[in-house]
Amino acid sequence: MLICVPDVLSKETVAQFRSVMDAAEWEDGASTAGAQPPSVKSNEQLPPNGELSRRLGERLLQAIVSHPGFVAAAIPLRIYPPMFNRYRVGHRFGVHVDNAVRGDPLTGLRIRADLAVTVFLSEPEEYDGGELVVDDAYDSHQVKLPAGALAVYPASDLHMVAPVTRGARVASFFWAQSMIRQESVRDVIYDLDTAIQQLAPRLGGDDEDVMKLGGVYHNLIRHWSEV
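Presented here is a report on the structure given in the accompanying data block. The model shown is predicted, which means the values in this text are computed figures rather than measured ones.

Right, let's talk about the overall build of the protein chain for a bit. Per the secondary structure count, the protein chain includes 5 helices and 17 strands. The C-alpha radius of gyration of the protein chain comes to 18 Å, within 12% of the 17 Å expected for a compact globule of 227 residues. Considering only C-alpha atoms, the protein chain reaches an extent of 55 × 35 × 35 Å along its principal axes. Counting only residues that meet the buried cut, the protein chain has 50% of its 227 residues in that class. For the protein chain, restricting intrachain contacts to residue pairs at least 6 apart in sequence, the fraction spanning at least 24 positions comes to 77%.

Turning our eyes to something else, we now look at a nonpolar patch on the surface. Together, V95, V97 and L158 make up a nonpolar patch on the protein surface, roughly 230 Å² of accessible area in all. Positionally, V95 belongs in strand 7 (residues 92-96).

The end-to-end C-alpha distance of helix 5 (residues 208-224) is 25 Å, a good match for the 24 Å that 17 residues give at a rise of 1.5 Å each. Regarding helix 5, the residues found buried are V210, G214, Y217 and I221. The arc that holds every buried residue of helix 5, seen down its axis, measures 55°, which confines them to one face. Exposed residues lying more than 90 degrees from the buried face of helix 5 are E208, K212, R222 and H223. Where helix 5 begins, the capping side chain belongs to D207, and its oxygen is found 3.0 Å from the backbone nitrogen of D209.

Turning next to the sheet that holds strand 3 (residues 41-42). Taken in spatial order, the 5 strands of this open sheet run 3-7-15-12-13, and their pairing is antiparallel. Every interior strand has two partners, whereas the edge strands, strand 3 and strand 13 (140-143), have only one. With 4 bridges connecting them, strand 12 (residues 132-135) and strand 15 (residues 158-161) associate as antiparallel partners. Opposite L132, over in strand 15, you have V161 as the bridge partner.

The N-to-C vectors of helix 4 (residues 183-203) and helix 5 enclose an angle of 160°; their axes lie 10 Å apart at closest approach. By the angle class used here, helix 4 and helix 5 are roughly antiparallel. In terms of crossing hand, the pair formed by helix 4 and helix 5 is left-handed. For the pair formed by helix 4 and helix 5, the contact residues are V185, I189, L192, D193, I196, L199, A200 and L203 on the first element and V210, L213, G214, V216, Y217, L220, I221 and W224 on the second. A per-class count over the contact of helix 4 with helix 5 returns 14 nonpolar, 1 polar and 1 charged.

Definitions and cut-offs
Residues numbered from 1 in each chain as written. Predicted model: local features only at pLDDT ≥ 70, side-chain atom pairs only at ≥ 80, totals over all residues. Heavy atoms only, no water. Helix = DSSP H or I, 4+ residues; strand = E, 2+ residues; numbered from the N terminus. Rg over C-alpha atoms; globule rule 2.2 N^0.38 Å. Buried < 20%, exposed > 50% of the residue type's maximum accessible area, 1.4 Å probe, protein only. Contact = heavy atoms within 4.5 Å. Patch = residues over 30% accessible without salt bridge, like charges linked within 9 Å, V, L, I, M, F, W, Y side chains within 5 Å. Areas by Shrake-Rupley, 256 points an atom, 1.4 Å probe, with all protein chains shown as cover. Salt bridge = Lys/Arg side-chain N within 4 Å of Asp/Glu carboxyl O. Expected span 1.5 Å × (residues − 1). Arc of directions from axis to C-beta. Polar contact = N/O pair within 3.5 Å; in protein donor to acceptor, adjacent residues only side chain to side chain. Pairing = 2+ DSSP bridges. Axes fitted to C-alpha atoms, helices over the stretch in contact; angles between N-to-C directions. Parallel < 35°, antiparallel > 145°, perpendicular 65-115°, else oblique. Left-handed = near helix turned anticlockwise from the far one by under 90°. Nonpolar A, V, L, I, M, F, W, Y, C, P; charged D, E, K, R; others polar.

Structure (structure tokens):
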């Protein structure tokens, strides 16, 4: 299931990120194409192991892991250090499936890449093309979100970034290993979590039925988690 989460980063934070990113030196993104042929991927990236990328990644994770929308969607156990890319005119990333396992050479972290995450750092009007296209069992979804929003989707789904025809698409991307390995179970728990989040402000967090639903949520996590 593709899930879009708005306002994970404030506009002020996005502006701060872009200020230092736009002044940075970028490199060819083909080095992180994984098992994909280099011809499939055409973009630029901040050096993944560089000081700037790591510093921005840590700040990004601080905001994301405390955001209830992301936690509900991913139920994260481990998160790969965020990376940053830029697609300018003519850049694209063809149809592909992400590697099943990702390893970080600096920390030795290895994760099973259950979910892929894109955090948009350009406003939609800054560029033409550049849509994230995710194909699932039911449909093909085109995603182009406001700066500061993110998209979470199964890393096993076929996906691509459409060619950019004007401007520049700037984003962060990373992978997460979920506590819940089975996608169908994760989807059910997500629906329950979002329903609780919507009911609690209306009924009150101490409402008996809201508390019961919270218990069901935690018992499902307890039953299905691989922690």
